[in-house]
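# Commentary on secondary and tertiary structure
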Amino acid sequence: MRGITETCENVERAVQRFALGGFINYFGLQRFGTTEVSTMAVGKALLKSDWTAAVELIMRPRDGDNEVLAKCRKIWAETKDAEKALRPIGRRHCIEADLLQGLLKSHEKDPFGAIQRIARNSRMIYVHSYQSYLWNLAVSYRIKTFGRKPVVGDLVIKPGTSDSAKRQKKGPESAEEVVSLTENCLDQFSIYDVVLPLPGFDVKFPDTPVTQFILDQMTIDGIDLREKHKVKDYSLSGSYRNIATKPSNFSWEIKKFDNPEQDLLLSDLDVLNKRQLPPISESGSQMALIINFTLPSSVYATMAIRELTKRSSDQRFGADGATKTAWKTEADESEVCLEEDDAAALDQA
């Protein structure tokens, strides 16, 4: 990370705090798409069986499209003619082409059938995005309401459950893989042991107000993931996710330099070619932070960096990593912090 303007002391305190306290295990913004039409919004329409709305969301014009897709979406928006909208795509294979082929086959009269022509993996990205959106809202509520310590009613993975079982729920006994904390066992667990369910028909919900928060949000959206969907693909069994995590194998280094284009790290190819970095002045006018760490499976490095820098990971705030970075150091070093925009930044519906 280049372009740091804080003092070395402030950066050091922020890094140490991050290494000790970790961060809230949010799904990163890339989970929800990078355009103004979020994958979560499409997933919500699918789960509500609003097939026409799902078609329109997928085909809605958006910034950042390549020339072919932009023309395709524009034609669809103006004519609702699948044959004409397909012409710019030609033989290219993409979600939009699959959808339009389905609409063309049914003369635009079977939006559900057209959607089903999209590859299942792509369709599941949409519905899992909505599930992840609910989880992000729920973990924000959990931390704001109860702080960073386990409370009675929180869920933890039952001791002895394998890591693979934590990640992938299969079979009718998956809800039995977690236990609710009681007053007698609170001191045996930390915030890093607590999990929240990704809502589904085969998970247990915590015995805390967090459950009602999740149910209220689903009611607002007109969805209930506790029930199996009439379309089998969209029946979500659910799973569990730790609400906070820490990086492992963590190391860091501050480097000062003068030339903004100077290489500060060697690539794998550089190492194989035995290339050496040029000398770096310890009194350089610019400063960079080099960090190395390992995260568990399904944990987003973008969320780790956001916690470290206290800077939004939303692309609207810039992509160069060198602007508006606030190295907040006033909080306790063991604290798992929560930014005010955590839920709002992900509410793209």
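Residues numbered from 1 in each chain as written. Predicted model: local features only at pLDDT ≥ 70, side-chain atom pairs only at ≥ 80, totals over all residues. Heavy atoms only, no water.

### Observations regarding the pattern of salt bridges
Taken as a whole and assessed by the stated rule, the structure comprises 13 salt bridges. Glu307 is the partner of Arg17 in a salt bridge, and the nearest nitrogen-oxygen pair spans 3.7 Å. Of the two residues, Arg17 is situated in helix α1 (residues 8-21) and Glu307 in helix α12 (residues 301-309); the sequence distance between them amounts to 290 residues. The exposure classification of Arg17 matches that of Glu307, with both residues buried. The partner of Asp263 in a salt bridge is Arg275, and the shortest N-O contact between them spans 3.0 Å. Within this pair, whereas Asp263 is found in the loop between β7 (248-257) and α11 (268-272), its partner Arg275 is found in the loop between α11 and β8 (286-294), the two being separated by 12 residues in sequence. (Salt bridge = Lys/Arg side-chain N within 4 Å of Asp/Glu carboxyl O. Helix = DSSP H or I, 4+ residues; strand = E, 2+ residues; numbered from the N terminus. Buried < 20%, exposed > 50% of the residue type's maximum accessible area, 1.4 Å probe, protein only.)

### As for the confidence of the model for the chain
Model confidence for the chain is summarised by a mean pLDDT of 84, while 84% of its residues fall at 70 or above. The spread of mean pLDDT over the elements of the chain runs between helix α9 (residues 163-167), the lowest at 47, and helix α10 (residues 209-221), the highest at 97. Across residues 164-173 the pLDDT falls below 50, and counting only partners more than four positions away or on other chains, this stretch makes 14 contacts in the model. Ignoring residues within four places in sequence, the model shows residues 316-349, a span with pLDDT below 50, making 86 contacts including any to other chains. (pLDDT = per-residue confidence, 0-100. Contact = heavy atoms within 4.5 Å.)

### So, the packing of helix α3 (residues 51-59) against helix α6 (residues 95-105)
Relative to each other, α3 and α6 sit at 135 degrees, their axes nearing to 10 Å. In terms of orientation, α3 lies oblique with respect to α6. Taken as a pair, α3 and α6 cross one another with a handedness that is left-handed. Only Ile95, Glu96, Leu99, Leu100 and Leu103 of α6 make contact with α3, whose side of the interface consists of Val55, Ile58 and Met59. Residues that form the contact of α3 with α6 fall into these classes: 7 nonpolar, no polar and 1 charged. (Axes fitted to C-alpha atoms, helices over the stretch in contact; angles between N-to-C directions. Parallel < 35°, antiparallel > 145°, perpendicular 65-115°, else oblique. Left-handed = near helix turned anticlockwise from the far one by under 90°. Nonpolar A, V, L, I, M, F, W, Y, C, P; charged D, E, K, R; others polar.)

### Some details on the sheet that holds strand β4 (residues 194-198)
The strand order across the open sheet formed by 4 strands is β3-β2-β4-β5, and the pairing between neighbours is antiparallel. Two strands close off the open sheet at either side, each with one partner strand: β3 (178-180) and β5 (239-242). Along the sheet, successive strands turn relative to each other by an average axial angle of 50 degrees, direction set aside. Pairing between strand β2 (residues 155-157) and β3: 3 bridges, direction antiparallel. From the neighbouring strand, Val156 faces β3, where its bridge partner is Val179. With respect to the sheet, helix α8 (residues 120-146) is in contact with β4 and β5, its orientation differing from that of β4 by roughly 145 degrees. (Pairing = 2+ DSSP bridges.)

### Describing the nonpolar core
Counting residues in each nonpolar core, the largest one holds 81 residues, and the members touching the most others are Leu46, Leu99, Leu100, Tyr130, Tyr234 and Ile243. Not counting residues up to four positions away in its chain, the partners in contact with Tyr234 are Leu46, Leu47, Trp51, Ile115, Gln116, Arg123, Met124, Val127 and His229. (Core = buried A, V, L, I, M, F, W, Y, C linked by side-chain atoms within 4.5 Å.)

### Regarding unusual backbone geometry
The phi dihedral of Asn249 falls on the positive side, at around 50 degrees, and the residue is not glycine. Within the secondary structure layout, Asn249 lies in strand β7. Here the phi dihedral of Ser298 falls at roughly 70 degrees; this positive angle occurs in a residue that is not glycine. As for its position among the elements, Ser298 is in the loop between β8 and α12.

### Let's talk about α12
Taken as a whole, α12 has its buried residues at Met303, Ala304, Arg306, Glu307, Leu308 and Thr309. In this fold, the buried residues of α12 make contact with α1, β1 (23-24) and β8. Where α12 terminates, the next one or two residues include Lys310, which has phi positive at roughly 55 degrees.

### Some details on the packing of aromatic side chains
Scanning all chains against the criterion turns up 10 aromatic pairs. When the ring of Phe27 is compared with that of Tyr300, the centres are 6.2 Å apart and the planes differ by 70 degrees; the resulting orientation is edge-to-face. Of the two residues, Phe27 is situated in the loop between β1 and α2 (39-47) and Tyr300 in the loop between β8 and α12; the sequence distance between them amounts to 273 residues. In this structure, Phe27 and Tyr300 share a single accessibility class: buried. Centroid distance Tyr130 to Tyr133: 6.0 Å. Interplanar angle 40 degrees. Geometry classified as tilted. Separated by 3 residues within a single helix, Tyr130 and Tyr133 lie in helix α8, roughly one turn from each other. Overall, Tyr130 belongs to the buried group, its relative accessible area being 0%. A relative accessible area of 4% means that Tyr133 is categorised as buried. (Phe/Tyr/Trp six-rings, centres within 6.5 Å; stacked < 30°, edge-to-face > 60°.)

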